[in-house]
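Residue-level listing of the chains:
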Amino acid sequence: MSAMEYVGFRILRLLRKLPINILGIGNRKVIFADFFKNFDKVEAVKGIFGDKTSDVLSHLTVEFSWIMGYMYVDGSDGHLVISKNYLNNGDKTDIYLDLIHELCHVKQFMEGKELFDPRYDYVERPTEIEAYRYCVQEAKRLGLSNERIRCYLWTEWMSENDFKKLAKSVNVLSA
Ligand SMILES: [Zn+2]
């Protein structure tokens, strides 16, 4: 099995218990640990919450929504909002890395940090840099190439200049 196949295999195992058609679920809330099984055993997640991992994941609320886009942490109460369309159709590796990224924001929220501090642009906000650095570290550990990580980082609403700033901050500008 090649390194990339192995990455895909591990992530698919983690995400395999997702309902086949998430679109069938109404706009409702579930508990993270009930839906995303075994994330409490993922080293990258334990690296965020330490001994509180199981406790946090069994209290974290996830809302499946018809929002456009991907996923985010609600700044009012710290729950995770996930686009149903993204979860159903998105690339599994991207979804996995996004979950790691958002769980960093959950921790930041628990620490009382302002997640959407308007004094900073998105790609320069300290909470974003921290979350991106952490999920990129996980992507590298899984064996993803810098090119693949750059594909992951690029989003349609980011300018080329912002994208370069972000890629530089997480050290994936070079091949
Ligand atoms: Zn973020």
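Please read these numbers as outputs of a predicted model, since none were measured by experiment.

Analysis parameters
Residues numbered from 1 in each chain as written. Predicted model: local features only at pLDDT ≥ 70, side-chain atom pairs only at ≥ 80, totals over all residues. Heavy atoms only, no water. Donors = N, O, S within 2.8 Å, 3.2 Å for Na, K, Ca; no water. Tetrahedral: all angles 85-135°; square planar, octahedral: opposite > 155°, others 65-115°. Helix = DSSP H or I, 4+ residues; strand = E, 2+ residues; numbered from the N terminus. Buried < 20%, exposed > 50% of the residue type's maximum accessible area, 1.4 Å probe, protein only. Core = buried A, V, L, I, M, F, W, Y, C linked by side-chain atoms within 4.5 Å. Contact = heavy atoms within 4.5 Å. Pairing = 2+ DSSP bridges. Axes fitted to C-alpha atoms, helices over the stretch in contact; angles between N-to-C directions. Salt bridge = Lys/Arg side-chain N within 4 Å of Asp/Glu carboxyl O.

Participant: Sorry, what's going on with the coordination of the zinc ion here?
Facilitator: Ideal geometry at a metal centre: 109.5 degrees between donors when four sit tetrahedrally, and 90 or 180 degrees when six sit octahedrally. The protein atoms that coordinate the zinc ion are His 101 (NE2), His 105 (NE2), Glu 128 (OE) and Glu 128 (OE), at distances spanning 2.0 to 2.7 Å. Taken together, the 4 donor atoms surrounding the zinc ion define angles of 53 to 149° at the centre, an arrangement classified as irregular. Counting gaps between the donor residues of the zinc ion yields the pattern H-x3-H-x22-E. Pair noted here: His 105 is in helix H6 (residues 92-110) and Glu 128 is in helix H7 (residues 126-141), with a separation of 23 residues, a long-range link. Exposure remark for Glu 128: the relative accessible area of 6% places this residue in the buried category.

Participant: Quick question: what am I supposed to make of the nonpolar core here?
Facilitator: Generally speaking, nonpolar side chains in soluble globular proteins are found buried as a group. Phe 32, Phe 39, Tyr 96, Leu 99 and Leu 153 are the most contacted members of the largest nonpolar core, which has 51 residues in total. If one sorts the elements of this core by residue count, H6 sits on top with 8 residues. With residues near it in sequence (within four places) discarded, Phe 39 still touches Leu 14, Leu 15, Phe 32, Val 45, Leu 57, Tyr 96 and Leu 99.

Participant: I would appreciate a short explanation of the sheet that holds strand E2 (residues 61-65) in the present structure.
Facilitator: Through backbone hydrogen bonds, the strands of a sheet pair up, either in parallel or in antiparallel fashion. Taken in spatial order, the 4 strands line up as E1-E2-E4-E3 in an open sheet, and their pairing is mixed. Strand pairing shows two members of the sheet lacking a second neighbour, strand E1 (29-31) and strand E3 (71-73), which therefore form its edges. Sheet twist, expressed as the average angle between the axes of neighbouring strands with direction ignored, equals 25°. Where E1 meets E2, 3 bridges bridge the pair, whose relative direction is antiparallel. Residue pairing in the sheet places Ile 31 in a bridge with Thr 61 of E2. Contacting E3 and strand E4 (80-83), H6 runs over the sheet at an angle of about 10° to E3.

Participant: Looking at this structure, I do not really get the pattern of salt bridges. What am I missing?
Facilitator: Pairing is possible between side chains of opposite charge, provided their charged atoms come close. On inspection of all chains with the given rule, the structure shows 11 salt bridges. Here Arg 119 and Asp 117 are joined by a salt bridge, their closest N and O atoms 2.7 Å apart. Asp 117 gets classed as buried once you look at its relative accessible area, which sits at 12%. Salt-bridge contacts for Lys 164 lead to Glu 160; the nearest nitrogen and oxygen are separated by 3.6 Å. Linking Lys 164 with Glu 160, this pair stays in helix H9 (residues 160-169), spanning 4 residues, or about one helical turn. When salt bridges that share partners are traced, they join Lys 107, Glu 111, Lys 113 and Glu 130 into one network.

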